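Coordinate analysis (summary)
Residue-level listing of the chains:
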Protein chains: 2
Amino acid sequence: MATEAIQSGEQPKKSLILNAFVEMCSGHQSPGLWRHPDDHSKDFNSVDHWIELAKLLERAKFHGMFIADVLGGYDVYKGPHNLEPAIRSAAQWPVNEPLAVIPAMAAATTSLSFGATVAVTYEQPFHLARRLSTVDHLTNGRVGWNIVTGYLDSAARNLGYTQQPEHDERYAIAEEYIRVMYKLFESSWRDDAVVLDKERGIYTDPSRVREINHKGKYYSVPGPHICQPSPQRTPLLLQAGTSRAGKAFAAQHAEAIFVGGHSPSVIAKNIAEIRSLAESFGRNRHDVKFLAMMCPIIGKTEEEARAKYEDYIQYGDIEGALALFGGWTGIDLSVYGDDEELRHVESNAIRSAVEAWSHAIPGIPRWTKKTVGRHLAIGGLGATVIGTPATVADEFERWVREADVDGFNIAYAVKPGTFVDVAELLIPELRRRGLFWDDYKVPGGTYRENFYGQKGQSRVLDRHIASKYTWKAGVEKEAFKEPES
Amino acid sequence: MATEAIQSGEQPKKSLILNAFVEMCSGHQSPGLWRHPDDHSKDFNSVDHWIELAKLLERAKFHGMFIADVLGGYDVYKGPHNLEPAIRSAAQWPVNEPLAVIPAMAAATTSLSFGATVAVTYEQPFHLARRLSTVDHLTNGRVGWNIVTGYLDSAARNLGYTQQPEHDERYAIAEEYIRVMYKLFESSWRDDAVVLDKERGIYTDPSRVREINHKGKYYSVPGPHICQPSPQRTPLLLQAGTSRAGKAFAAQHAEAIFVGGHSPSVIAKNIAEIRSLAESFGRNRHDVKFLAMMCPIIGKTEEEARAKYEDYIQYGDIEGALALFGGWTGIDLSVYGDDEELRHVESNAIRSAVEAWSHAIPGIPRWTKKTVGRHLAIGGLGATVIGTPATVADEFERWVREADVDGFNIAYAVKPGTFVDVAELLIPELRRRGLFWDDYKVPGGTYRENFYGQKGQSRVLDRHIASKYTWKAGVEKEAFKEPES
C-alpha cells in the first residue's frame, strides 16, 4: 500500500484493527466479574499487571490498548447522587488516572500503542498538551488521545462546576480546545527547531519557535508550547460521540471512532453519516476508522463457549450494571418494579433502548430491570458474541459487511483471560481468513504508522485539519501562516 | 531505631539522605553542558534514559530521584517576555511533565523513590489527587510531591491567569489546597474500605467511603476521592519555600525541605527557624529533613577534580545561566554593563546576593554579570564543591555541622557522570565515615519508610497535621471526625 493510496483516499484492504478495551479499574464493562477466580482486573493498581497485559497484547500483535476513563462515580441509579451501588460492586470505581501507566508499558514493548481518554472540560489545554507530548515522547510516538467532554455530573461537581456545562456548549468548548491543542502541537515549533548545534551553542533555534497567541472565547494561551515536537506531534485522535454535535466534531477531528451497539444495524447509519460528514470536511471516507465494541466469549466448541458464558454470568453484578447504565444514559431504572416490563413503560428512551435489545437478543420473554442488568453485566452496551473462533470471526465479518466497521474494541469479561482467548483462539482464525496481519506493519513504529499501515505516516494525514497547523521544516517564521479559527 | 524513637522525636543518628536532583529537560542547573561529550541529559525525551538513571541510583542506594519542574519559560532576562536566551541555551527549555516517567522507573526498581514538583495553582485538587494517588499505587508507595505555587508569570499566562496570583495569596490558596488533598487522601476512604468480599459481592464497603464536602474560599469538592487508599495515602511531602509565607507552610506540612545557598551560613538561620516553627505546630524539630542543593565535582586528586571543573565550565552557557537567574529572582541583569561591578549597583537585592557570593567564593576581583553567569552555570544557586571524595565529604560534614542539614540534593554538571562519580567515589568515602547506609533500611519499602528509616512508617507521622485527617480501620463513619480547617 503506497502513501499515494492513503493520501488519495483509496480504501486499503480491510485488515482489521484490534484494540484491547480496558480502564484503570476493576471490571470495566463487566461489573462483578472481579469475583471470578480467573479475573485479575482488581490488580489494576499494580504496574506489573499492566506491563504483563501489554506484553501479552504485543505478542498477539494487537494494534493498541485503549484505556477508558471517567472522573466521577456512577451515581444516577437509586440516586440522585447515590454512589453505593457502584462502590459496592466496583462498577468503574475506584478508578485511577490512565496516562500515568502508559510510559511504563511502552518501556516494556516496542510496537503496541496506547490510547487514553482525557476530558477537555477539566484541564487547561496548555497543561494537557504538555502531558500528552511528554507521553508521546516517552512512548516513541505510540500514544492516542480519546477526546471526551465528560458526561458525569459527579465529575463536574468535583472539578469546579456545579454541573456539566450543557451538551452543545461542551462541544463548543471542545472545538476551541482542540484548536489550541493543534496550535501547541503543530504550529508552535518548527519541525527542525531543535538543532543541537554544539559549535554555535544553539540547542533550539529561537527563530523556529513561536508564540501561538491564542485568544478565544474560553481560553487565552500565548504559548509557545513547552515541549519540542514529539514523534507524532498530535497524538492519534480518538473519539466516541454519536450525538449531533459529537458527530460533527468526530467527523472533522477523529482518526478512530469507538462505536457500540448490540447489532451492526444500530450503528451502520451513524457510521455512514460520519464518513460522509468527514468528506464534507475535505477528508476521505476511510480516513476515519470505526472500532466496534465487542466482548467475545470464545470456546473451542459452541458448548464450551456457552458454558464459559454461563460460568461468567453467574458472577455478573446486576446492581453494578444498572449503576453503569444510569451513568451512561442518565436513566435511573430503580424507579421500576422488579417485574415491570420495560418495553411498556412511559419513557420513550427506555422503551426504544429495550426494544432494540429485544430484537438483537431474541428469546427473552420479559425485559425487566433485572434482565437488563444481567444483559449489561458482560460487555456493557457493546455486543457480546459467544461461540467458536469461527462463529466469532463470522460475526466480526458480519459487522464489517453490515456496518462498515474497520475493527474492534475488545472488551473483556475476565482479564486477561478474554484477551488470551482472542490471542490463542480468535486471531489464528482471523489470520486464516486474511483478516489480520502477521506482524505490525511498522515494527517499532508510531501509533499512526501502524494504524494507517504506512511507514513514515507518524504525523496526521495531509487532509486532516491538524495538518493545516503544522510548521514544517524550512519554512521561515514570517512565511508561516496558521489557519483562521 | 524504634518507632517510639521517631514518634517521640528523638533525633536519629545522622545518616545522610541523598537525593538526585534532575528535571525533565536538558541541563537543569547547568545550562550549556549539553554540549559536553559526556552529557546525556539531552536524551530526556527517552524513557530508557530515565530507567537507566533510576537503576544507577538504586545500585548506589540513593534515597530518591527528585524531578523539578516549571510550567513556563525563563523570560525575564533581556525581557520582559523574552524567551530567546533560554530557548537558545536550553535553560530548562523545553521541559516535559515529570509524573509521567515515574511509574516506568518504578517498574525497573524496587527501593528507589521518586519526588516530583507539581504546582497547586493550575490544576483542580480533585484531579491532582487522582494523579498522585495513581502514581503512589503504581510505585508501591514510592512517590513524593514537591508542593509549589509557581513563580513564573510565563506559566500563569498560559494557564488561565494574566499573571501569578500575588505571593501571599498563592500561599492562602496552597493552604486550602493541601487541606483538600488531605481530605481526599486521608479521610475519604477508611483504611479497610476495600474488602473484596466475594461471598457477599462487596468490593468496597460503601459505609467506609465518605464524601468530604469541602466548601472553601477557592475550592468546592464534595468527593469522595476516586482512588482507594494507596500505600502512603499522602505522598511524602516536599517543599522549597523560604519566604515568610513559605516557611509557615513548610513548617506545618513539609517532610523534606530543599534549601540552597552558596554556604551553610546562608541557610542555617532559616533551617533553625523552620524547625522551631515546626515545633509550634506540634511537630518535632527533626520531623522535617533539610536537603541542601549541592553540585559535587569529584576527582581522585584535587588536581583531577579541578581539571574536571575547568573542562566542564568551558561548556557553561552564561546567557542561559542569566536567563535562569532572571526567572528565579525576577531580576534582569542585562540592564547592567558588561564590566559593571554588581556589588556597587543601586539594587539592594542584587548587591546583597552578589556580596554573599563574594564571601562564599573569595578570590574573584570583580563581580560582573559575566562572573555571575559563569558562577551559576554549574550548579545554579546551590553550592558547587570541587575536590577529592575526602574534600567533598568534609564539605558535606561541614554543612551538617554548621547548618544542621540532613542530606543533600545532588545537582549534576553532566548526566549521568556526576551521579556516577557520587556512586563510585563519594559514597564509599561517606560509608567509611558512617555517614551513609549500606543498603535501604526497608528494601522494597515506601518512600516514607526509607526516608524516616522505619519499617511500617508508610503513612505520615502521628504528629503531622495530615494524620489528623486519617480515617483509620475500624472507626465507624458516624464516629469519624475531620479536624476543622
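See the structure shown above.
The present account deals with the structure reproduced in this document. Quantities reported herein were computed from a predicted structural model and do not represent experimental measurements. (Residues numbered from 1 in each chain as written. Chains lettered and ligands numbered in written order. Predicted model: local features only at pLDDT ≥ 70, side-chain atom pairs only at ≥ 80, totals over all residues. Heavy atoms only, no water.)

Here's the deal with helix H12 (residues 348–360) of chain A
Structural remark: α-helix, 3.6 residues per turn; residues separated by three or four positions point the same way. All names here are of chain A. We count it as follows: Only DSSP runs of H or I covering at least 4 residues are called helices, and only runs of E covering at least 2 are called strands; the numbering of each starts at the N terminus. Given the number of residues in a helix, its expected span is that number minus one, multiplied by 1.5 Å. To sort residues, take the accessible area from a 1.4 Å probe on protein chains only and compare it with the maximum for the residue type: under 20% means buried, over 50% means exposed, and anything in between is partly exposed. What the arc measures is the spread of directions leading from the helix axis to the C-beta atoms. The contact rule is simple, with two residues in contact once any of their heavy atoms fall within 4.5 Å.
Helix length check: H12, at 13 residues, gives a terminal C-alpha distance of 18 Å against a target of 18 Å (1.5 Å per residue), a fit within 8%. Ile350, Val354, Trp357 and Ser358 are the residues of H12 that are buried. Along the long axis of H12, the arc covered by the buried residues comes to 100°, so they all point the same way. Away from its buried face by more than 90 degrees, H12 exposes Asn348 and His359. Check the buried side of H12 and you find it contacts helix H11 (318–329) and helix H13 (369–376).

Structural notes on the pattern of salt bridges
Residue and element names in this part refer to chain A. Rules: Put simply, a salt bridge is a Lys or Arg side-chain nitrogen that is within 4 Å of an Asp or Glu carboxyl oxygen.
Following the criterion strictly, the structure yields 72 salt bridges over all chains and no others. A salt bridge links Asp168 to Arg244, with the nearest nitrogen and oxygen atoms 3.6 Å apart. Highlighted residues: Asp168 in helix H7 (residues 167–187) and Arg244 in helix H8 (residues 244–253), separated in sequence by 76 residues. Residue class for Asp168 comes out partly exposed when judged on its relative accessible area of 37%. For Arg244, a relative accessible area of 69% gives the class exposed.

Points about the side chain of His137 of chain B
By secondary structure assignment, the location of His137 of chain B is in helix H5 (residues 125–138). Among all residues touching His137 of chain B, those that are not within four sequence positions of it are Asn45 and Asn96 of chain A together with Gln228, Pro229, Ser230 and Pro231 of chain B.

Details of the nonpolar core
Put simply, the rule reads: We call a set of buried residues a nonpolar core when its members are Ala, Val, Leu, Ile, Met, Phe, Trp, Tyr or Cys and they connect through side-chain atoms within 4.5 Å of each other.
Counting residues in each nonpolar core, the largest one holds 321 residues, and the members touching the most others are Phe62, Trp145 and Phe408 of chain A together with Phe62, Trp145 and Phe408 of chain B. Among all residues touching Trp145 of chain B, those that are not within four sequence positions of it are Ala116, Val118, Val120, Leu128, Leu132, Tyr177, Ile178, Met181, Pro235, Leu236, Leu237 and Leu238 of chain B.

Some points on the pairing of strand E9 (residues 236–239) of chain A
Residue and element names in this part refer to chain A. Test applied: Strand pairing is defined by DSSP finding a minimum of two bridges between the two strands.
Of the two faces of E9, the one holding Leu236 and Leu238 and the one holding Leu237 and Gln239 are both buried throughout. Taken together, the 3 bridges between strand E4 (residues 143–148) and E9 define a ladder with parallel strand orientation. Residue pairing for E9: Asn146 is matched across the bridge by Leu238. The pairing of E9 with strand E10 (residues 256–259) spans 2 bridges and is classified as parallel. Pairing of Gln239 across the sheet is with Ile257, part of E10.

Focus on the packing of aromatic side chains
Applicable threshold: Aromatic rings from Phe, Tyr and Trp, with only the six-membered ring used for Trp, were paired whenever their centres fell within 6.5 Å, and each pair was classed as stacked if the ring planes differed by under 30 degrees, edge-to-face if by over 60, and tilted otherwise. Definition used: whenever NZ (Lys) or CZ (Arg) falls within 6 Å of the ring centre and also within 35 degrees of the ring normal, the charge is taken to sit over that ring.
Within this structure, the stated rule accounts for 38 aromatic pairs over all chains. Pairing Phe396 of chain A with Phe408 of chain A gives two aromatic rings, centres 3.9 Å apart and planes at 20°, and the pair type is stacked. Of the two residues, Phe396 of chain A sits in helix H14 (residues 389–403) while Phe408 of chain A sits in strand E13 (residues 407–411), which places them 12 residues apart along the sequence. For Phe396 of chain A, a relative accessible area of 0% gives the class buried. For Phe408 of chain A, a relative accessible area of 0% corresponds to the buried category. One aromatic cluster in this structure is built from Phe21, Phe66 and Phe258 of chain A. Lying over the aromatic face of Trp50 of chain B, Lys415 of chain B brings its terminal NZ or CZ to 3.9 Å of the ring centre.

Function cannot be inferred from these measures alone, as they are strictly geometric.
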